Amino acid sequence: QVPLVESGGGLVQPGGSLRLSCGTSGININIYRMAWYRQAPGRQRELVAAITSGGITTYADSVKGRFTISRDNAKNTVNLQMTSLKSEDTAVYYCNANRVLRDYWGQGTQVTVSS
(Lines give C-alpha, C1' and ligand atoms only; values in the text may rest on other atoms or scores of the structure.)
Protein backbone atom coordinates (compact mmCIF):
# COMPACT_ATOMS: atom_id res chain seq x y z
CA GLN A 1 0.00 0.00 0.00
CA VAL A 2 1.35 3.42 -0.95
CA PRO A 3 1.05 5.98 1.82
CA LEU A 4 -0.36 9.31 0.86
CA VAL A 5 0.44 11.89 3.50
CA GLU A 6 -1.88 14.85 4.01
CA SER A 7 -0.97 17.98 5.90
CA GLY A 8 -2.31 21.46 6.50
CA GLY A 9 -5.53 20.83 8.34
CA GLY A 10 -6.55 22.66 11.47
CA LEU A 11 -8.95 25.08 13.08
CA VAL A 12 -9.91 28.23 11.21
CA GLN A 13 -12.57 30.89 11.63
CA PRO A 14 -15.37 31.30 9.11
CA GLY A 15 -14.13 33.28 6.14
CA GLY A 16 -10.58 32.11 6.66
CA SER A 17 -8.26 30.08 4.47
CA LEU A 18 -6.31 26.86 4.67
CA ARG A 19 -4.00 25.03 2.30
CA LEU A 20 -3.93 21.25 2.30
CA SER A 21 -1.09 19.27 0.77
CA CYS A 22 -0.78 15.61 -0.16
CA GLY A 23 2.45 13.91 -1.04
CA THR A 24 4.08 10.53 -1.37
CA SER A 25 7.41 9.05 -2.23
CA GLY A 26 5.87 5.78 -3.36
CA ILE A 27 4.33 6.72 -6.69
CA ASN A 28 4.61 9.36 -9.34
CA ILE A 29 1.36 11.22 -8.76
CA ASN A 30 1.71 13.00 -12.08
CA ILE A 31 0.30 9.95 -13.86
CA TYR A 32 -2.63 9.63 -11.47
CA ARG A 33 -5.94 11.35 -11.21
CA MET A 34 -5.59 13.10 -7.86
CA ALA A 35 -8.54 14.15 -5.76
CA TRP A 36 -9.62 15.47 -2.41
CA TYR A 37 -12.64 13.99 -0.68
CA ARG A 38 -14.18 14.91 2.63
CA GLN A 39 -16.38 13.26 5.17
CA ALA A 40 -18.33 15.08 7.84
CA PRO A 41 -19.76 13.30 10.90
CA GLY A 42 -22.83 11.30 9.97
CA ARG A 43 -22.41 11.95 6.26
CA GLN A 44 -21.04 10.01 3.32
CA ARG A 45 -17.64 10.74 1.89
CA GLU A 46 -17.94 13.19 -0.98
CA LEU A 47 -15.72 14.41 -3.76
CA VAL A 48 -14.45 17.95 -3.22
CA ALA A 49 -12.08 18.46 -6.14
CA ALA A 50 -10.10 16.43 -8.64
CA ILE A 51 -7.33 17.00 -11.16
CA THR A 52 -6.46 14.62 -13.96
CA SER A 53 -2.96 13.79 -15.10
CA GLY A 54 -3.61 16.23 -17.94
CA GLY A 55 -4.52 19.02 -15.56
CA ILE A 56 -8.30 19.06 -16.01
CA THR A 57 -10.02 20.05 -12.78
CA THR A 58 -13.48 19.41 -11.40
CA TYR A 59 -15.13 20.73 -8.26
CA ALA A 60 -18.14 20.04 -6.15
CA ASP A 61 -20.75 22.76 -6.63
CA SER A 62 -20.48 23.65 -2.95
CA VAL A 63 -16.81 24.67 -3.26
CA LYS A 64 -16.66 26.19 -6.75
CA GLY A 65 -15.05 29.59 -6.69
CA ARG A 66 -13.66 29.03 -3.20
CA PHE A 67 -11.34 26.01 -3.50
CA THR A 68 -8.52 25.41 -5.96
CA ILE A 69 -6.78 22.10 -6.60
CA SER A 70 -3.31 22.12 -8.12
CA ARG A 71 -0.29 19.94 -8.72
CA ASP A 72 3.34 20.64 -7.86
CA ASN A 73 5.16 18.28 -10.17
CA ALA A 74 8.59 19.05 -8.78
CA LYS A 75 7.51 18.15 -5.25
CA ASN A 76 5.21 15.28 -6.29
CA THR A 77 2.38 16.85 -4.34
CA VAL A 78 -1.18 17.96 -4.89
CA ASN A 79 -2.60 20.91 -3.03
CA LEU A 80 -6.04 22.19 -2.11
CA GLN A 81 -6.25 25.91 -1.46
CA MET A 82 -9.41 26.64 0.49
CA THR A 83 -10.72 30.17 0.92
CA SER A 84 -13.88 31.75 2.30
CA LEU A 85 -14.31 28.73 4.52
CA LYS A 86 -17.72 28.01 6.00
CA SER A 87 -18.80 25.94 8.96
CA GLU A 88 -20.22 23.37 6.56
CA ASP A 89 -16.71 22.76 5.22
CA THR A 90 -15.84 21.11 8.53
CA ALA A 91 -14.84 17.53 7.82
CA VAL A 92 -11.97 15.10 7.56
CA TYR A 93 -10.30 15.66 4.20
CA TYR A 94 -8.78 12.70 2.37
CA CYS A 95 -6.32 12.62 -0.51
CA ASN A 96 -6.89 10.03 -3.23
CA ALA A 97 -4.69 8.81 -6.08
CA ASN A 98 -6.45 6.82 -8.79
CA ARG A 99 -5.65 5.17 -12.08
CA VAL A 100 -6.50 1.84 -13.70
CA LEU A 101 -6.16 -0.94 -11.11
CA ARG A 102 -4.65 1.48 -8.60
CA ASP A 103 -6.47 3.36 -5.87
CA TYR A 104 -4.73 4.85 -2.85
CA TRP A 105 -5.98 6.89 0.09
CA GLY A 106 -4.39 8.98 2.78
CA GLN A 107 -5.26 8.84 6.46
CA GLY A 108 -7.11 12.13 6.39
CA THR A 109 -6.63 15.53 7.95
CA GLN A 110 -9.20 17.33 10.07
CA VAL A 111 -10.47 20.73 8.98
CA THR A 112 -12.63 22.56 11.49
CA VAL A 113 -14.27 25.88 10.65
CA SER A 114 -15.57 27.53 13.78
CA SER A 115 -15.55 30.83 15.59
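The rules we used
- Per chain, residue numbering runs from 1 following the sequence as it is written.
- Totals for whole chains, interfaces and linings use all residues, but because this is a predicted model, local features are given only for residues with pLDDT of at least 70 and pairs of side-chain atoms are given and counted only at 80 or more.
- Side-chain calculation: all heavy atoms of the structure are included, whereas hydrogens and water are not.
- What is meant by a nonpolar core is a set of buried Ala, Val, Leu, Ile, Met, Phe, Trp, Tyr and Cys residues, joined one to another through side-chain atoms within 4.5 Å.
- Summary of the burial criterion: residues with accessible area below 20% of their type's maximum are buried, those above 50% are exposed, and those between are partly exposed, where the area comes from a 1.4 Å probe applied to protein chains only.
- Think of it this way: any DSSP run of H or I at least four residues long counts as a helix, any run of E at least two long counts as a strand, and we number them from the N terminus.
- In what follows, a disulfide is any cysteine sulfur pair within 2.5 Å.
- At least two bridges found by DSSP between two strands are what make those strands a pair.
- To get an axis, fit a line to the C-alpha atoms, keeping to the stretch in contact for a helix; angles then go from 0 to 180 degrees between the N-to-C directions.
- Throughout, a contact is declared for two residues whenever any of their heavy atoms are within 4.5 Å.
- Here is the rule: rings of Phe, Tyr and Trp (six-membered ring for Trp) pair when centre to centre is within 6.5 Å. Planes less than 30 degrees apart are stacked, more than 60 are edge-to-face, and the remainder are tilted.
- In this scheme, Lys NZ or Arg CZ marks a charge over a ring once it lies within 6 Å of the ring centre and within 35 degrees of the ring normal.

(A) Structural context of the nonpolar core. The biggest cluster of nonpolar side chains holds 30 residues, and the ones touching the most others in it are Met34, Trp36, Val78, Leu80, Met82 and Tyr93. Elements that contribute at least two residues to this core include exactly strand E3 (18–23), strand E4 (33–39), strand E5 (46–51), strand E7 (67–72), strand E8 (77–82), strand E9 (91–99) and strand E11 (109–113). The leading source of residues in this core is E9, at 4 residues.

(B) Main features of the state of the cysteines. In the structure shown here, the tally under the stated rule is 1 disulfide. Across a sulfur-sulfur distance of 2.0 Å, Cys22 and Cys95 are joined as a disulfide pair. Its torsion about the S-S bond being -80°, the disulfide of Cys22 and Cys95 is classed as left-handed. Here Cys22, found in strand E3, pairs with Cys95, found in strand E9; they are 73 residues apart in sequence, far enough to count as distant. Look at Cys22 and you get buried, because its relative accessible area is 1%.

(C) Spatial organisation of the sheet that holds E3. Read across the sheet, 4 strands follow the order E1-E3-E8-E7 without closing on themselves; strand pairing throughout is antiparallel. Both edges of this open sheet fall to strand E1 (5–7) and E7, since each of them pairs with a single strand only. Strand-to-strand twist in this sheet, taken as the mean axis angle between neighbours without regard to direction, amounts to 15°. As paired strands, E1 and E3 are joined by 3 bridges and run antiparallel to one another. Looking at the pairing, Ser7 lines up with Ser21 of E3.

(D) Spotlight on the side chain of Thr77. With respect to the helices, strands and loops of the structure, Thr77 is situated in strand E8. Apart from residues no more than four positions distant in its own chain, Thr77 is found in contact with Cys22, Gly23, Ile29, Ser70, Arg71 and Asp72.

(E) How the structure looks around the packing of aromatic side chains. Counted by the stated rule, this structure contains 2 aromatic pairs. Aromatic side chains Tyr32 and Tyr104 sit 6.1 Å apart centroid to centroid with 50° between the ring planes, which places their arrangement in the tilted category. Here the residue Tyr32 occupies a position in the loop between E3 and E4, and Tyr104 occupies one in strand E10 (residues 102–105), the gap between them amounting to 72 residues. Tyr104 sits in the buried class, given a relative accessible area of 11%. The cationic tip of Arg45 hangs over the ring face of Tyr94; the distance from NZ or CZ to the ring centre is 3.8 Å. Here Arg45 stacks its cationic end above the ring of Trp105, 4.8 Å away from the centre of that ring.

The values are spatial; any link to function lies outside them.
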